[in-house]
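The lines below spell out each chain.
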Amino acid sequence: MKRNVFALLFTMLSGCLTCAAQHQHSGNPIIGGWYADPEAVVFDNRCWIFPTYSAAYDEQLFFDAFSSRDLVKWKKHPRVLTSENVSWAKRAMWAPAIVRKDGKYYLFFSANDVHEGEVGGIGVAVSRRPQGPYKDALGKPLISHIINGAQPIDQYVFLDDDGQYYMYYGGWGHCNVVRLGDDLLSIVPFTDGDMIKEVTPDQYVEGPFMLKNRGKYYFMWSEGGWGQPNYSVSYAISDSPFGPFYRIGKIMEQDPSIATGAGHHSIIKGRGDDEWYIVYHRRPLSETAANSRQVCIDRLYFDDNGHIKPVKMTFEGVERTKFK
């Protein structure tokens, strides 16, 4: 009898410890459902993720958002922006990017999978709260034309140390950068008079992201096909936000034991000096459909020479943490 009681207590204790261990990690994926192209950012000690709803283009008519104080427990904020609030967006709303300025939140997005002569491109919506609701600020795209061969999609807004906002964007194997005005609703010339600069690195496909660390500019992008197993992330380092960006190598790619199609990422910083997290999408090994994508998070590390170490994808995700 005593042996059975002890066995039962041991089983219960082991289960509790396992449960506690699981609750100390985010697990991957971190949110339920098919989502992709996650834009992660920290506002007021809370991490926010704004992803693409991963579905057929004609069904991509809204954005959900997710927030967490510890990277483990996530709250869903549905329909923060929908096509009902963007008169010109008819389909293919994807790849949101968000910044906060002067008490307002600016949500940049792509819509309509635009081609030359069509209506669509990169728009911007505004709200007083990160969870929205957002409303179209311009009534038209901010960028709608094909310039330097870059389809106006996959925008990322980068704030430099001097307070200047730049927007990197582009699909179809080309990337441009523009300088945003103080209102974040306009594009202004660079100091040399150019309105737009091409910064395409070798093997670039789409999904640009910029990070500044230790005084260097780390430019990252996605390679391969977004619906294919070979989707991946590579990077370059420069002393300038305009490059030149010479490809160093891949930092994320498929792992036959974990997932395929890993890419279109963003990065957030934790409390520690070198505490970094990469938020990205990937495709489960059991799935082959292009839109079967899930949002995941893992640690990102720099080596002593300032290079980014290849990211190890996991099922465990990251440990529970708090933000400053």
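Residues numbered from 1 in each chain as written. Predicted model: local features only at pLDDT ≥ 70, side-chain atom pairs only at ≥ 80, totals over all residues. Heavy atoms only, no water.

Side note on the confidence of the model for the protein
Then, in step 1: Averaged over every residue, the pLDDT of the protein is 94; the share at 70 or more is 93%.
Then, in step 2: The low-confidence segment residues 1-21 (pLDDT under 50) makes zero contacts with residues lying over four places distant or belonging to another chain. (pLDDT = per-residue confidence, 0-100. Contact = heavy atoms within 4.5 Å.)

What about the layout of surface pockets?
Then, in step 1: Of the volumes computed, that of the largest pocket is approximately 640 Å³.
Then, in step 2: Along the wall of the largest pocket there are 23 residues; nearest its centre are Val41, Tyr156, Phe158, Leu159 and Ile267.
Then, in step 3: The set of elements that each furnish at least two residues to the lining of the largest pocket consists of strand S1 (35-43), strand S5 (94-101), strand S9 (156-159), strand S14 (206-213) and strand S18 (259-269).
Then, in step 4: Residue classes in the lining of the largest pocket are distributed as 17 nonpolar, one polar and five charged. (1 Å grid on protein atoms, 1.4 Å probe; cavity = no way out; pocket = protein on both sides within 12 Å on 5 of 7 lines; lining within 4 Å. Points joined across faces, edges and corners; volume = space filled by probe spheres on them. Helix = DSSP H or I, 4+ residues; strand = E, 2+ residues; numbered from the N terminus. Nonpolar A, V, L, I, M, F, W, Y, C, P; charged D, E, K, R; others polar.)

Describing the nonpolar core
Then, in step 1: Tyr168, Met220, Met252 and Leu300 are the most contacted members of the largest nonpolar core, which totals 36 residues.
Then, in step 2: Sort the elements by how many residues they give to this core and strand S15 (residues 216-223) lands first, with five residues.
Then, in step 3: Core analysis: the second largest hydrophobic core is formed by 19 residues, Trp48, Val80, Ile98 and Tyr105 among them. (Core = buried A, V, L, I, M, F, W, Y, C linked by side-chain atoms within 4.5 Å. Buried < 20%, exposed > 50% of the residue type's maximum accessible area, 1.4 Å probe, protein only.)

Structural notes on the packing of aromatic side chains
Then, in step 1: All chains considered together, the criterion is met by 19 aromatic pairs.
Then, in step 2: Aromatic side chains Tyr166 and Phe242 sit 5.3 Å apart centroid to centroid with 85° between the ring planes, which places their arrangement in the edge-to-face category. Taken as a pair, Tyr166 in strand S10 (residues 165-169) and Phe242 in the loop between strand S16 (232-238) and strand S17 (247-252) lie far apart in primary sequence, 76 residues in all.
Then, in step 3: Classification of Tyr166 as buried rests on a relative accessible area of 8%.
Then, in step 4: Taking relative accessible area as the criterion, Phe242 reaches 28% and is therefore assigned partly exposed.
Then, in step 5: The ring of Trp276 has Lys269 lying over it, and the distance from NZ or CZ to the ring centre is 5.5 Å.
Then, in step 6: Over the aromatic face of Tyr277 sits the side chain of Arg299, whose NZ or CZ is 5.2 Å from the ring centroid. (Phe/Tyr/Trp six-rings, centres within 6.5 Å; stacked < 30°, edge-to-face > 60°. Lys NZ or Arg CZ within 6 Å of the ring centre and 35° of its normal.)

What to know about the side chain of His264
Then, in step 1: Along the chain, His264 turns up in strand S18.
Then, in step 2: Polar contacts involving the side chain of His264 include one to the side chain of Asp37, which spans 3.2 Å.
Then, in step 3: Setting aside its immediate chain neighbours within four residues, His264 contacts Asp37, Pro38, Ala95, Asp154, Gly207, Ser222, Tyr231, Val233, Val279, Tyr280 and His281. (Polar contact = N/O pair within 3.5 Å; in protein donor to acceptor, adjacent residues only side chain to side chain.)

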